[in-house]
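# Results of the structural survey
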There are 2 protein chains.
Amino acid sequence: MSTTEAKGARRGRPGHDREHVLRTAVALFNEQGYEATSVADLAQRLGVTKSALYHHIDSKEQILEGALDEALGGLEAALDAALERPTASERLTDVIRGAVQVLTAKQPQVTLLLRLRGNSPIETAALERRRAFDHRVTELVRQAQAEGLVRDDLDAGTATRLVFGMINSLVEWYRPGGRIDPDLLAEEVLAVALDGLQTR
Amino acid sequence: MSTTEAKGARRGRPGHDREHVLRTAVALFNEQGYEATSVADLAQRLGVTKSALYHHIDSKEQILEGALDEALGGLEAALDAALERPTASERLTDVIRGAVQVLTAKQPQVTLLLRLRGNSPIETAALERRRAFDHRVTELVRQAQAEGLVRDDLDAGTATRLVFGMINSLVEWYRPGGRIDPDLLAEEVLAVALDGLQTR
């Protein structure tokens with residue numbers, strides 16, 4: 001999302017626009033924790049009454065589910081697109097690049113996903129979907145090992161977790177609309193993931 | 001902590017041992033969130049009354065502060081030890097190894113640290129201390145770039161964040177006492193950080 005879009009939303013009718021409600025809810029969940037946030041807190045943040053808010057949302061569970069689906073759907077789409085490429089090596093580099101793009105474009109939703117504790121059926125389902133994604137990427141790392149791109153002295157599962165640890169850390173320090181260009185960042189992540197820090 | 005120690009603690013007098021109280025509190029904070037956890041919740045989990053619990057602790061703030069100090073103190077000690085080494089390159093490899101050891105040895109405390117939102121003075125102070133640690137490591141990466149170990153086409157700050165993203169992800173998937181050897185893991189993290197995934 002560009003800075004212009006964010007400003008446009010702020011200039012709109014606060015609390016009366018569904019997109020603005022959802023964005024504010026996700027920000028609030030990330031700020032003070034999903035469990036600790038009530039619909040009343042959200043209404044207060046938006047400056048509307050609870051009953052006005054219920055015209056836009058069914059429940060906080062529904063907001064959580066929608067945000068998690070955006071994050072997971074983005075990651076799954078990036079993986080599906082990467083799988084179109086002919087070699088495992090290209091598929092792996094594409095999925096790393098694609099995941100960075102999803103994390104920078106949907107930072108609040110991915111932050112929510114990464115902080116889940118699995119305290120409800122919605123959270124458990126999202127964690128299950130995230131695990132399935134991880135397994136598909138681990139399989140890709142295994143194929144890239146067989147192809148010779150990835151060194152085979154590393155466990156494919158550990159390698160996947162370390163690289164995604166690097167990618168996922170973006171939610172902690174990447175600021176949407178800030179001074180870091182997301183495409184350049186994707187190339188830097190790829191460089192560190194494939195070549196490491198060491199001078200060649 | 002070894003499996004034997006954990007079992008020993010569980011066999012002890014539950015709720016009557018300060019160490020057990022602290023460990024249970026940190027586990028509960030990580031499970032359901034610090035804000036969402038009350039002293040009453042902790043008493044219930046321990047199977048004691050709130051007033052019995054107050055013989056062991058002053059407040060939940062004090063438990064949080066102690067746990068964060070263990071995590072940060074561990075990381076700072078690892079960095080201080082690394083700084084004894086003669087070259088920046090050795091200092092950098094030692095601090096990566098040392099940080100992995102702290103994360104595997106103090107996994108629950110570091111998990112708590114990494115999930116802080118800065119909603120109280122204790123949290124703000126811990127985040128400030130964490131930032132100071134990050135700055136010192138970034139300075140080390142910069143020195144390792146000047147020495148020629150680390151490639152200089154990467155921003156030192158970004159490189160530090162990516163490598164610590166990898167290290168910090170351990171709190172999500174490393175299981176104390178599980179099948180992964182912490183020393184071997186430290187070498188794997190170092191291998192990926194310095195040499196990347198790619199076959200040489």
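You'll find chain A entered in an unreviewed UniProt entry as TetR/AcrR family transcriptional regulator, with Microbacterium istanbulense given as the organism.

## Overview of the pattern of salt bridges
All names here are of chain A. Applying the stated criterion across every chain yields a total of 30 salt bridges over all chains. Note that Arg45 and Glu31 form a salt bridge whose closest N and O atoms lie 2.8 Å from each other. Linking Arg45 in helix α3 (residues 39-46) with Glu31 in helix α2 (residues 18-32), this pair joins segments that are 14 residues apart in sequence. One salt bridge in this structure joins Arg131 and Glu128, with 3.4 Å as the shortest N-O distance. Taken as a pair, Arg131 and Glu128 lie in helix α8 (residues 121-147) at a separation of three residues, close to a single helical turn. One connected set of salt bridges, linked through shared partners, spans Arg85, Glu90, Asp94, Arg97 and Glu187.

## A look at the packing of helix α2 (residues 18-32) of chain B against helix α7 (residues 107-114) of chain B
Geometrically, a packed helix pair is captured by the angle between its two axes and the distance between the axes. Residues and elements named next belong to chain B. α7 packs onto α2 with a crossing angle of 40 degrees between their chain directions and a minimal axis gap of 9 Å. In terms of their interaxial angle, α2 and α7 are classed as oblique. Between α2 and α7 the crossing geometry is left-handed. Here Val26, Phe29 and Asn30 of α2 come into contact with α7, specifically with Pro108, Gln109, Thr111 and Leu112. Grouping the constituent residues of the contact of α2 with α7 by class yields four nonpolar, three polar and no charged.

## Things to note about the interface of chain B and chain A
Each partner contributes to the interface: chain B provides 40 residues, whereas chain A provides 40 residues. Summing the contributions of chain B and of chain A, the shared interface buries around 3800 Å²; its carbon and sulfur component is 57%. Ranking the residues of chain B by area buried against chain A places Arg117, Leu162 and Leu197 of chain B at the top, with a combined share of 20%. At the boundary of chain B and chain A, one finds zero salt bridges. Along the contact surface separating chain B from chain A lie 26 residue pairs in polar contact (both at pLDDT 80 or more). Tallying contributions element by element places helix α11 (residues 182-195) of chain B first for the side of chain B that touches chain A, with eight residues. Looking at the side of chain B that touches chain A, its residues break down into 18 nonpolar, 11 polar and 11 charged.

## Focus: the relation of the copies chain B and chain A
Once chain B has been moved 0.0 Å along the axis and rotated by 180 degrees, it coincides with chain A to within an RMSD of 0.0 Å. Taken together, the turn and the small shift mark the pair as related by a two-fold rotation axis. Scanning chain B for the C-alpha nearest the rotation axis identifies Gly196 of chain B, at a separation of 1.9 Å.

## Brief notes about the domain arrangement of chain A
All names here are of chain A. As assigned here, chain A comprises domain 1 (3-53) and domain 2 (60-195). The gap between the C-alpha centroids of domain 1 and domain 2 is 27 Å. Taken together, the contacts link 11 residues of domain 1 with 14 residues of domain 2. Roughly 1100 Å² of surface becomes buried between domain 1 and domain 2 when both sides are summed, with 58% attributable to carbon and sulfur atoms. Linking domain 1 with domain 2 are one salt bridge, by the criterion used here. We note a salt bridge from Glu35 to Arg117, for which the minimum N-O separation is 3.9 Å. Our count for the contact surface shared by domain 1 and domain 2 stands at seven residue pairs in polar contact (both at pLDDT 80 or more). For the side of domain 1 that touches domain 2, the secondary-structure elements that each account for two or more residues are α2 and α3. Residues that form the side of domain 1 that touches domain 2 fall into these classes: seven nonpolar, three polar and one charged.

## Digging into the side chain of Arg151 of chain A
Here Arg151 of chain A is to be found in the loop between α8 and α9 (156-168). Residue Arg151 of chain A is classed as buried on the basis of its relative accessible area of 14%. In this structure the side chain of Arg151 of chain A is engaged in a polar contact, spanning 3.1 Å, whose partner is the backbone oxygen of Gly196 of chain B. Non-local contacts of Arg151 of chain A, meaning those with residues more than four positions away in its chain, are made with Gln145 of chain A together with Ala191, Asp195, Gly196, Leu197, Gln198 and Thr199 of chain B.

What counts and how
Residues numbered from 1 in each chain as written. Chains lettered and ligands numbered in written order. Predicted model: local features only at pLDDT ≥ 70, side-chain atom pairs only at ≥ 80, totals over all residues. Heavy atoms only, no water. Salt bridge = Lys/Arg side-chain N within 4 Å of Asp/Glu carboxyl O. Helix = DSSP H or I, 4+ residues; strand = E, 2+ residues; numbered from the N terminus. Axes fitted to C-alpha atoms, helices over the stretch in contact; angles between N-to-C directions. Parallel < 35°, antiparallel > 145°, perpendicular 65-115°, else oblique. Left-handed = near helix turned anticlockwise from the far one by under 90°. Contact = heavy atoms within 4.5 Å. Nonpolar A, V, L, I, M, F, W, Y, C, P; charged D, E, K, R; others polar. Buried area = accessible area lost by both parts, 1.4 Å probe. Polar contact = N/O pair within 3.5 Å; in protein donor to acceptor, adjacent residues only side chain to side chain. Least-squares fit on C-alpha atoms with pLDDT ≥ 70 in both. Domains from an automatic or database assignment. Buried < 20%, exposed > 50% of the residue type's maximum accessible area, 1.4 Å probe, protein only.

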